[in-house]
Amino acid sequence: MTERARVVVVGGGIVGCSIAYHLGKLGWRDVLLLEKNELTSGATWHAAGLVGQLRSSRNLTRMLSYSVELYRRLETETGQSTGWAGVGSLRIAASKERMTEIRRTATQARSFGLELHLLGPKEVLDLFPIMNPEGVVGGAFIPSDGYADPASLAHALAKGARQFGITIRRKTTVTGFAVRNRRITHVHTDQGDIECEAVVNAGGMWAREVGRMAGVSVPVCSMEHQYLVTEAIPGLPSNLPTVRDPDGLIYYKPEVDGLVMGGFEPNPVPWGVKGIPTGFHQQLLEPNFEQFEILSEAAIHRTPCLKEAGIRKLINGPDGYSPDGNYILGKAPELANFFVAAGMNCFGIAGGGGVGKALAEWIVGGAPEYDLWPLDIRRFSKHASSTRYIVERTAEHYTRHYTIHWPGEESESCRKIRCSPLYPLLAAKRAVFGEKAGWERASWFAPEGMEPVETLSFDYPNWFEPVGNEHRAVRERVGIIDMSSFGKIEARGPRAFESLQYLVAGDLNKPVGSLTYTQLLNERGGIECDLTVARIAEDHFYLVTGTAFLTHDLDWIRDHLPSEESVLVQDVTSARAVIGLWGPDARRVLEKVTDQDVSNGSFPFAQCRELTIGCAPVLALRVTYVGELGWELHVPMESAVEVYEELRGAGEEFGMIDFGYRALDSMRLEKGYRYWSADITPEYNPYEAGLGFCVALNKGDFLGREALVRAKAAGIQRRLCLFTIDTPLRLQGGETIFREGKVLGTVTSGGYGYSIEKTIAYGYLPLAEAGHSEYQIEAYCEPHPAVRHDRVLYDPERRKVLA
């Protein structure tokens, strides 16, 4: 047994082999891959092997496209067969709504640079002539998709890894880890201990168990997944593509002279919930014909030849799935050197190449080539470690694998697990709640006579008018919103200022009581965090970040503190509720409930101080995310109801309204406020994002400063631009921005601005193309005239629409 390795990769499936291969490709030879049985003996060997590239995320699509690029050349490079067949993929639409969804993905494909052809019913039949065309309204074909033999592919990656000098040890079981100062120091195995600098958990369906050994939560649940393999079908065309019929919940793959057919049934079966049985290697589960019946009926309807075809076998093989249907990748927040690549969700073969490349880059360089936030393990909060949540939410998303993905559709399982004290009061006021990071948050309020349930539509649904009323009430009078889900972090101690001053791009050297809106940057100058910092005392800082970003931001801060000595950084989210009070009459409301002076002269913008409302102590932050006068009121959780009721009572004479996050988003779009993970990400620096005013280059050294100095000297090559479209159009991000037929960029975020009565969109353009006024934005394959603006669209000081 090797006694030391720079990196230990746990798991010998396609993902583990790909990570080892790509570490070797980057020049790291001192890598050890451990597999407790034989390579591919988990889920890889029985995978169906379909490889599709297009996903809702641009960077996930890029990652899967890299997989295809790798699979095309891997056999030549290693001499090992991969079974790659670039036959293309066909997606069938059997409903009007499905075709609308396909048109949306076609627009995304154009944005992402992926070739896709929209098809009519006859063209679909030409590509899939064994199909019963009944109900088919169209489809889409991606010629560069295909399929591979999973086991052969994994062995080719393993062979490539060995050629780079990587060591692979089979029949070696990991039994635990030694941890010191948030770092793995040794991997314990049944063959001895291995000293290491980093560990990668590529354990597949065992990933949760491997994570537990290290004290790391990996929310993966195994689900039974079945597909059948037919005997030879007479007259079957030899040039069939892979086919997905999502309205039937089924997929097909050519298999010698027959077909593979599987799918995602609406009543999935979790497996191994209390742990994978000992000795489960290269095994299948018993076929469940009754479970498979709904899929076989759909397949016989769509491809009648299956009714007479012989069935060679029905494969029932478990695989690891995640609670949101996306991969789980990256460095775990619990430890500084423990990486995860799990939750492949039945498209691990498609992602195997790209996942391996991304993880290798993460380990070697500290980050992947592309921002992969939708896949980052730090997107999960602590509640996601519970077995109940993992199983129920994973099962729900399994059933949605092929259902229509409606804009704004919410999960239904495991709700009401994180609620602010105001939840029952808002529910009684007909709030319609959305969920983020486990928190219930009011999205909008249904008026009397309307059922407080959100309808699903690709157009604006039933909430369009109620949200508009909330928006206008805040702009014209005053509104109140529960924002208790905000992430809250405290940093205190003798070196708190020095440490945070190094981490942030802004300048915190301000008097006690100051607020600073700032970004935390990586070494490339990219934006890793976007938050507000309140200086409570000389050595005490209070940081406020977005609901979904707490785990990520806390981990980033802890990992990059220049010294952890004399600085205490802790999550205090659950200690305080947050009530947002905004609108022209916000000060008049606040003056009625506190005896402190809240005039502009005494309490100006970007300041914080302690107030008393009723009998409750309140930390008031003079800040806004809607562009109106107001405050974030941070209140002890136990006092939230009292403060809310005091404010509501005082606001009655001013026509105060409760408003939700949909109105909030509309107002932030009008004022040009950025949203991290969409408008600003680690791929963009503050100058490109229009946030140069937040950078204090002259304050001294800080993380990312050198990159910003170089960027400023060289000049930016792209910038975030603001557009409007005259008609209401529901944008989701990923829409194509083009001019004179040339694709220039992609919409990062968008929505409707009720004050300006136009659709708003943001997106990055090359600097050379960013000086025009007229563009087009394509959504659902339809181009819409768009106007670019040089300034924000609404000025609350003058109550004036600037668009």
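Preceding this paragraph is the structure being described.
Conventions and cut-offs
Residues numbered from 1 in each chain as written. Predicted model: local features only at pLDDT ≥ 70, side-chain atom pairs only at ≥ 80, totals over all residues. Heavy atoms only, no water. Helix = DSSP H or I, 4+ residues; strand = E, 2+ residues; numbered from the N terminus. Rg over C-alpha atoms; globule rule 2.2 N^0.38 Å. Contact = heavy atoms within 4.5 Å. Areas by Shrake-Rupley, 256 points an atom, 1.4 Å probe, with all protein chains shown as cover. Lys, Arg positive; Asp, Glu negative; His and termini not counted. Charge placed at Lys NZ, Arg CZ, Asp CG, Glu CD. 1 Å grid on protein atoms, 1.4 Å probe; cavity = no way out; pocket = protein on both sides within 12 Å on 5 of 7 lines; lining within 4 Å. Points joined across faces, edges and corners; volume = space filled by probe spheres on them. Nonpolar A, V, L, I, M, F, W, Y, C, P; charged D, E, K, R; others polar. Pairing = 2+ DSSP bridges. Axes fitted to C-alpha atoms, helices over the stretch in contact; angles between N-to-C directions. Expected span 1.5 Å × (residues − 1). Buried < 20%, exposed > 50% of the residue type's maximum accessible area, 1.4 Å probe, protein only. Arc of directions from axis to C-beta. Parallel < 35°, antiparallel > 145°, perpendicular 65-115°, else oblique. Left-handed = near helix turned anticlockwise from the far one by under 90°. Bend = angle between axes of the 7 residues up to and from the residue. Salt bridge = Lys/Arg side-chain N within 4 Å of Asp/Glu carboxyl O. Polar contact = N/O pair within 3.5 Å; in protein donor to acceptor, adjacent residues only side chain to side chain. Core = buried A, V, L, I, M, F, W, Y, C linked by side-chain atoms within 4.5 Å. Phe/Tyr/Trp six-rings, centres within 6.5 Å; stacked < 30°, edge-to-face > 60°.

Participant: Can you tell me about the overall build of the chain, naming the residues and giving the values?
Facilitator: When helices and strands are counted, the chain shows 17 helices and 40 strands. The C-alpha atoms of the chain give a radius of gyration of 27 Å, which matches the 28 Å a tight globule of 803 residues would have. In terms of overall dimensions, the chain has a C-alpha envelope of 85 × 65 × 50 Å along the principal axes. The long-range share in the chain, meaning contacts at least 24 apart out of those at least 6 apart in sequence, stands at 71%. Of the roughly 30200 Å² of accessible surface on the chain, 48% is carried by carbon and sulfur atoms. Here the chain contributes 85 positively and 100 negatively charged side chains, and the mean placements of these two sets differ by 4 Å.

Participant: Can you explain the layout of surface pockets? Please cite residues and give values.
Facilitator: Size it by volume and the second largest pocket reaches roughly 950 Å³. Along the walls of the second largest pocket sit 41 residues, with Trp362, Gly366, Ala367, Trp556 and His560 positioned nearest its centre. Elements supplying a minimum of two residues to the lining of the second largest pocket: strand S1 (4-10), strand S11 (192-201), helix H8 (348-365) and helix H13 (550-560). Ranked by residues supplied to the lining of the second largest pocket, first place goes to H13 with six residues. Looking at side-chain class alone, the lining of the second largest pocket contains 17 nonpolar, seven polar and 17 charged residues.

Participant: Tell me what's going on with the sheet that holds strand S36 (residues 758-766), and back it up with residues and numbers.
Facilitator: Taken together, six strands build a closed barrel; the order of strands is S33-S36-S35-S34-S37-S38 and the barrel is antiparallel. When strand polarity is set aside, the average angle formed by the axes of neighbouring strands in this sheet is 40 degrees. With six bridges joining them, strand S35 (residues 742-753) and S36 adopt antiparallel strand pairing. Across the sheet, residue Gly750 finds its bridge partner in S36, namely Ala761.

Participant: Tell me about unusual backbone geometry, residues and numbers included.
Facilitator: Of note, the phi angle at Ala606 is positive, near 65 degrees, even though the residue is not glycine. Along the polypeptide, Ala606 turns up in the loop between helix H14 (586-593) and strand S29 (608-613). A positive phi angle, close to 55 degrees, is found at Glu740, a residue other than glycine. Relative to the helices and strands, Glu740 resides in the loop between strand S34 (736-739) and S35.

Participant: Explain helix H15 (residues 640-651) to me, using residue names and the numbers behind them.
Facilitator: The end-to-end C-alpha separation of H15 is 16 Å, in line with the 16 Å expected for 12 residues at 1.5 Å each. Every buried residue belonging to H15 is among Ala640, Val643, Tyr644, Leu647, Arg648, Ala650 and Gly651, and all of these are buried. For H15, the angular spread of the buried residues around the axis is 165 degrees, confining them to a single face.

Participant: Describe in detail the packing of helix H1 (residues 14-25) against H8, supporting the description with residues and values.
Facilitator: In a pair of packed helices, the angle between the axes and the distance between the axes together describe the arrangement. Interhelical geometry of H1 versus H8 gives an angle of 45 degrees and a closest axis separation of 8 Å. The angle between H1 and H8 falls in the class oblique. Crossing of H1 against H8: the hand is right-handed. Across the interface between the two elements, Ile14, Val15, Ser18, Ile19, His22 and Leu23 of H1 pack against Gly348, Ile349, Gly352, Gly353, Val355, Gly356, Lys357, Leu359, Ala360, Ile363 and Val364 of H8. Partitioning the contact of H1 with H8 into residue classes produces 10 nonpolar, six polar and one charged.

Participant: Describe helix H7 (residues 289-302), and please don't skip the residues or the numbers.
Facilitator: Structural remark: α-helix, 3.6 residues per turn; residues separated by three or four positions point the same way. Along its 14 residues, H7 runs 19 Å from first to last C-alpha, staying within 8% of the 20 Å computed at 1.5 Å per residue. Of all the bends found along H7, the most pronounced is centred on Leu295 and spans about 35 degrees. Here H7 has its buried residues at Gln291, Phe292, Leu295, Ser296, Ala298, Ala299 and Arg302.

Participant: Lay out the pattern of salt bridges in plain terms, naming residues and giving numbers.
Facilitator: Inspection of the entire model under this criterion finds 46 salt bridges. The partner of Arg73 in a salt bridge is Glu77, and the shortest N-O contact between them spans 3.0 Å. You can see Arg73 and its partner Glu77 sitting in helix H2 (residues 58-78), four residues apart, about one turn around the helix. For Lys357, the salt bridge goes to Glu361, with nearest N and O atoms at 2.7 Å. Residue Lys357 and its partner Glu361 are both found in helix H8; the two are separated by four residues, about one turn of the helix. Here the salt bridges share partners, and the residues they tie into one network are Arg182, Lys331, Asp376, Arg378, Asp555 and Asp559.

Participant: Kindly report on the pairing of strand S38 (residues 782-789), identifying the contributing residues and their values.
Facilitator: Sheet analysis places strand S33 (residues 718-725) next to S38, joined by three bridges and oriented antiparallel. Following the sheet pairing, Phe723 is matched in S38 by Arg788. Examined bridge by bridge, strand S37 (residues 774-779) and S38 share six bridges and lie antiparallel to one another. The partner of Glu774 across the bridge, within S38, is Val787. In this antiparallel pair of consecutive strands, S37 and S38, the connection spans two residues, and Tyr780 shows a positive phi of 55 degrees.

Participant: Hey, could you go over the side chain of Lys488 for me, with residue numbers and the actual values?
Facilitator: With respect to the secondary-structure elements, Lys488 resides in strand S23 (residues 487-492). No salt bridge forms around the buried Lys488; measuring N to O, its nearest opposite-charge neighbour Asp571 is 7.4 Å away. In this structure the side chain of Lys488 is engaged in a polar contact, spanning 3.0 Å, whose partner is the backbone oxygen of Phe486. Once residues within four sequence positions are removed from consideration, Lys488 is found in contact with Tyr542, Leu543, Leu550, Gln570, Asp571, Val572, Thr573, Arg576, Val578 and His634.

Participant: Residue-level account of the packing of H14 against H15, with values.
Facilitator: At a minimum axis separation of 9 Å, H14 and H15 run at an interaxial angle of 120 degrees. Classified by the angle between their axes, H14 and H15 sit oblique to one another. Crossing hand, H14 versus H15: right-handed. Only Glu646, Leu647, Ala650 and Gly651 of H15 make contact with H14, whose side of the interface consists of Val589, Leu590, Lys592 and Val593. Residue composition of the contact of H14 with H15, grouped by class: five nonpolar, one polar and two charged.

Participant: For the environment of Ile349, give the residues involved together with the corresponding values.
Facilitator: Within the fold, Ile349 resides in helix H8. The spacing of Ile349 and Lys699 is 350 residues in sequence and 48 Å in space, taken between C-alpha atoms. Leave out the neighbours within four places in its chain, and Ile349 touches Ile14, Thr44, Ala47, Gly49, Leu50, Val51, Tyr71, Pro150 and Leu153.

Participant: I'd like a description of the sheet that holds strand S24 (residues 515-521), backed by residues and values.
Facilitator: Strand order in this open sheet of five strands is S24-S25-S26-S23-S27, and the pairing throughout is antiparallel. Only two strands of the sheet have a single partner each, and these edge strands are S24 and strand S27 (568-571). Geometrically, the sheet is characterised by an average inter-axis angle of 30 degrees between neighbouring strands, direction not taken into account. Contacting S23, S24, strand S25 (527-537) and strand S26 (540-545), helix H12 (residues 496-503) runs over the sheet at an angle of about 35 degrees to S26.

Participant: Give a description of the nonpolar core that names residues and reports values.
Facilitator: Core analysis: the biggest nonpolar cluster contains 50 residues, and Tyr327 and Leu329 have the highest contact counts within it. Of all the secondary-structure elements, those providing two or more residues to this core are S1, H1, strand S2 (31-34), H2, helix H5 (150-163), S11, strand S19 (338-342) and H8. One finds Phe128, Leu240, Ala299 and Leu306 within the second-largest nonpolar core, a separate group that totals 42 residues.

Participant: Would you mind going over the pairing of S37 in detail, with residue names and values included?
Facilitator: The pairing of S34 with S37 spans three bridges and is antiparallel. Pairing of Ile737 across the sheet is with Ile777, part of S37.

Participant: Can you explain the packing of aromatic side chains? Please cite residues and give values.
Facilitator: Aromatic ring pairs: the centre-centre distance and the angle between the two ring planes describe each pair. Evaluation of the coordinates by the stated rule reveals 28 aromatic pairs. Between the aromatic rings of Tyr460 and Trp463, the centroid separation amounts to 5.6 Å while the plane-to-plane angle is 85 degrees, which identifies the pairing as edge-to-face. Owing to a relative accessible area of 19%, Tyr460 belongs among the buried residues under this scheme. With relative accessibility at 6%, the residue Trp463 sits in the buried group. With a centroid separation of 4.9 Å and 75 degrees between ring planes, the pair formed by Phe549 and Trp676 is classed as edge-to-face. Note that Phe549 is positioned in the loop between S26 and H13 and Trp676 in the loop between helix H16 (661-671) and helix H17 (705-714), a separation of 127 residues in sequence.

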